[in-house]
Each structure stands twice: as structure tokens, then as C-alpha cells.
Amino acid sequence: MSKSVAAANAQQVHGEHRWDFVFAALYDRIMRRGEERSMGRRRAELVANARGRTLEIGAGTGANIPHYPDAVQELILAEPFEPMRRRLERKLGVSGKPASTLDASAEAIPLEDESVDTVVSTLVLCTVDFPDLALAEVSRVLRPDGQLLFIEHVRSHSPRVARWQDRLETPWRHFGAGCRCNRDTIASIAAAGFSIQHEEAHWRGVPPIVASLVTGRAAKGRPDAAKDRPGD
């Protein structure tokens, strides 16, 4: 690799890293309209189904914190990006919700096998570099009767929107701190050995390329364990 190419690559990486810090600082402001128009309600409906020892992967700045029910006996909020985690911890302190934070990615969860009743993932599996590895880790830490509750971006069923998702995947990924707007996340969850009950949804108040969502519950290999949708 030439020195000029190496320097250009280093400058790009440095620029992306710097933008990630800016994005973390602006995240709640960027998300506010979409949260108010529909996502806040969807979070509340989903997280109301959490129970027992609960782990949230990619907890971000803590948008789900107000929605966790009393059925959660222990709440662990994992967030690997330190600027996001600082905001998460501040929001947690203000809320008074009993919970702990964890510096950990979804691909490497430092918890024992079969030690968690519920894993929550909201807008996370679109951002991880290795979703199959993340889902394998989720399966590992979940107890046999455990559940994965999720809201995720997915590839649109509209051919026109899907084409724009493909065209804009790279610039959107740089803007959205790793968000891949065109992933087939349901297929990935099924391939990880989960049985899934889900519904499709539309996120109002956001750009069309990230408006297609799936929300639901997945159980470890038991078709009868995921028969109820969150909010049913």
C-alpha cells in the first residue's frame, strides 16, 4: 500500500471515529421526532414483555429505560461505545431505575451460559459487524425458556425503497454509526436457531430507507414458545 493511500485511509478512519462522538452527542436530538411519532410507543409495548434477569444489548443512550416493568428482577444494560454509555449512565441515574451498565458488545457478552431470561435488542442488529456472532451470543446466554425481544431495521419489501437502501447503504452506515439499513434480520434470527413471532411495522418520522421495521419475540428453538406477539 502506498503512503498516500495509507494516509487517506487513516484520515477516513479518524474522521469516522470523530463523527461517532458527534453522533453520540446528537443521538437523542436526532431520534426525537421518530420517538415521539411512533418508536416510543413501540418500545413501551415491546419492553413490557421483559421478565426475570434481563440484558439489553446495544443500550445506546437508554431510550428503553422508562419502559422496563417490575417483572424485571435484574436489569443489565450493555453498551460498548463509551460516549453513548456515559449518556446511558446519566439517564439511568436520573431515572432511579435499579440497573447496572456493562462495557460489552453484542458479539462478546461477558455473562455465563444460560444465565439470562430476556434479551432486548432495539435497533442494534443493523449496527453490529457480525450479526450471526451476536445472535449466537444471545442464544448462549439465554436460558432454555428465555426470549429475545426485538425491534430492528430491515430491507424494505418495496423494490424502489430497497434499491435506495442498497444505493445509500455506505453513506448511511457512516452517518448512522454503523447502521446497515438493508439487512434481512429475520432470516438471521431464524438461522441462529430461534423460533420467531413478529410483525412488520413502519417507523413514522424518519427517512424512508430506515422506516421498514420488524418487531417481535424469538424463543430458543421452541415453536410454541413464541406464539404471542408483544402487546397481544
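Residues numbered from 1 in each chain as written. Predicted model: local features only at pLDDT ≥ 70, side-chain atom pairs only at ≥ 80, totals over all residues. Heavy atoms only, no water.

Quick look at the sheet that holds strand 2 (residues 72–78)
- Strand order in the open sheet made by the seven strands is 3-2-1-4-5-7-6, with mixed pairing throughout. Pairing within the sheet leaves two strands with one partner each, and these edge strands are strand 3 (100–102) and strand 6 (194–202). Strand-to-strand twist across the sheet, computed as the mean angle between neighbouring axes with direction ignored, equals 20°.
- For strand 2 and strand 3, the ladder comprises three bridges, and the chain directions are parallel. (Pairing = 2+ DSSP bridges. Helix = DSSP H or I, 4+ residues; strand = E, 2+ residues; numbered from the N terminus. Axes fitted to C-alpha atoms, helices over the stretch in contact; angles between N-to-C directions.)

Some remarks on unusual backbone geometry
- Here Glu114, not a glycine, exhibits a phi torsion of approximately 50°, which is positive.
- Inspection of the secondary structure puts Glu114 in the loop between strand 3 and strand 4 (116–122).
- Classification of Glu114 as partly exposed rests on a relative accessible area of 44%.
- Phi is positive for Leu123, close to 60°, though the residue is something other than glycine. (Buried < 20%, exposed > 50% of the residue type's maximum accessible area, 1.4 Å probe, protein only.)

Regarding helix 4 (residues 159–175)
- Spanning 17 residues, helix 4 covers 23 Å between terminal C-alpha atoms, matching the ideal 24 Å at 1.5 Å per step.
- Considering bend angle alone, the principal kink of helix 4 is centred on Glu169 and spans about 60°; proline Pro171 follows within four residues of it.
- Looking only at helix 4, the buried set comprises Val161, Ala162, Gln165, Glu169 and Trp172.
- Following helix 4 by one or two positions, Ala177 adopts a phi angle in the positive range, close to 55°. (Expected span 1.5 Å × (residues − 1). Bend = angle between axes of the 7 residues up to and from the residue.)

Regarding the packing of aromatic side chains
- Scanning the model with the defined rule gives two aromatic pairs in all.
- Residues Phe21 and Phe81 carry aromatic rings whose centres are separated by 5.4 Å and whose planes lie at 70° to one another, so their mutual orientation is edge-to-face. With Phe21 in helix 1 (residues 3–47) and Phe81 in the loop between strand 2 and helix 2 (82–95), the pair connects residues that are 60 residues apart, well separated along the chain.
- A relative accessible area of 23% places Phe81 in the partly exposed class.
- A centroid spacing of 5.2 Å and a plane angle of 50° characterise the contact between Trp172 and Phe175, whose relative ring orientation is tilted. Remark: Phe175 and Trp172 occur in helix 4; sequence separation between them is three residues, near one turn of the helix.
- Residue class for Trp172 comes out buried when judged on its relative accessible area of 18%.
- For Phe175, a relative accessible area of 31% gives the class partly exposed.
- Directly above the ring of Trp164 sits Arg167, whose terminal nitrogen or CZ lies 4.8 Å from the centroid. (Phe/Tyr/Trp six-rings, centres within 6.5 Å; stacked < 30°, edge-to-face > 60°. Lys NZ or Arg CZ within 6 Å of the ring centre and 35° of its normal.)

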